[in-house]
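Structural characterization, general
Listed here are the chains, written in short residue letters.
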Amino acid sequence: MTAPTESRSAKRTSAASEITTPPPGATVPAVDPAAGQEYELSDEVLGNECFGCGPHVEHGLQMKRIGRDGTTAYGEIVVKREHQGAPGLAHGGILATAMDEILGTSAWLTGGRYVTGRLETDYLAPVPVGSTLYLKAWCNGVEGRKAYIEGEGRIGGPDGPVAVRAAAIFVRVPMEHFTKQR
Ligand SMILES: CCCCCCCCCCCCCC(=O)SCCNC(=O)CCNC(=O)[C@H](O)C(C)(C)COP(=O)(O)OP(=O)(O)OC[C@H]1O[C@@H](n2cnc3c(N)ncnc32)[C@H](O)[C@@H]1OP(=O)(O)O
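All values derive from a computational prediction rather than experimental measurement. (Residues numbered from 1 in each chain as written. Predicted model: local features only at pLDDT ≥ 70, side-chain atom pairs only at ≥ 80, totals over all residues. Heavy atoms only, no water.)

1. A closer look at the packing of aromatic side chains
Tallied over the entire structure, the rule returns one aromatic pair. Ring plane angle 55 degrees and centroid distance 6.3 Å describe the contact between Trp-108 and Phe-178, whose orientation is recorded as tilted. In this pair, Trp-108 sits in helix H4 (residues 92-109) while Phe-178 sits in helix H5 (residues 176-179), placing the two residues 70 residues apart along the sequence. In this structure, Arg-68 is placed above the aromatic ring of Tyr-39, and the distance from its NZ or CZ to the ring centre is 5.9 Å. (Phe/Tyr/Trp six-rings, centres within 6.5 Å; stacked < 30°, edge-to-face > 60°. Helix = DSSP H or I, 4+ residues; strand = E, 2+ residues; numbered from the N terminus. Lys NZ or Arg CZ within 6 Å of the ring centre and 35° of its normal.)

The structure is reproduced here in structure tokens:
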């Protein structure tokens, strides 16, 4: 019998593919001062209806933004019964949503409004219902309208094992992007 081999995702240290790795010319921006202020008021910026962070969306993730360090953003979600896929475990799409929310927060901290263009996710460990997922996202660079953002979610504590990683391209859009579709 051959010894079990480590999974490919466990060997990877980043979720970023060639597409979500910034090109050499990309720069890592400082936090935008206006975005820093918006961060403190993010409920008002987004309203209360966001599935990812709306504090009163009953079955939503109710992600709490718990701090930032420059454009690095920190957040937490508690996985609820309504977030299950397999019995007792968080649905992968829910985890991707949590990553989208925290990565998006980091993108917005660079200044301007951003939407997700591409989101890549590595799942490393199952996340049980009832557990807290400790989220962190940072910006690897901005080039033109594209922000290259990466992040991770840990269980058991902010320094616990990594359960999920993600990398994304967020694309800067004008404010009308959000109003013209209504
Ligand atoms: C401080 C903050 C506090 C508040 C916190 C708020 C947090 C919020 C958190 C929210 C979290 C949740 C967030 C959500 O849920 S956002 C909701 C989910 N996302 C969407 O609905 C986006 C839908 N897509 C679009 O609207 C358009 O396709 C966009 C706007 C994205 C681009 O269409 P547009 O016609 O405008 O531009 P373009 O096509 O010329 O592209 C421009 C550049 O981008 C590159 N590109 C585009 N797509 C991709 C791709 N897939 N992979 C790789 N690259 C891609 C493209 O090659 C080009 O590059 P270059 O040729 O210039 O080099």
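2. Observations regarding the site of the ligand
Close contacts around the ligand come from 21 residues, with Thr-116, Gly-117, Arg-145, Lys-146 and His-177 the closest. Within the side chain of Asp-100, an N or O atom sits 3.3 Å from an oxygen atom of the ligand. Thr-116 places a polar main-chain atom, nitrogen or oxygen, 3.1 Å from a nitrogen atom of the ligand. A per-element tally of the shell around the ligand places H4 first, with six residues. Here the shell around the ligand is built from residues that sort into nine nonpolar, six polar and six charged. (Near = heavy atom within 4 Å. Polar contact = N/O pair within 3.5 Å; in protein donor to acceptor, adjacent residues only side chain to side chain. Nonpolar A, V, L, I, M, F, W, Y, C, P; charged D, E, K, R; others polar.)

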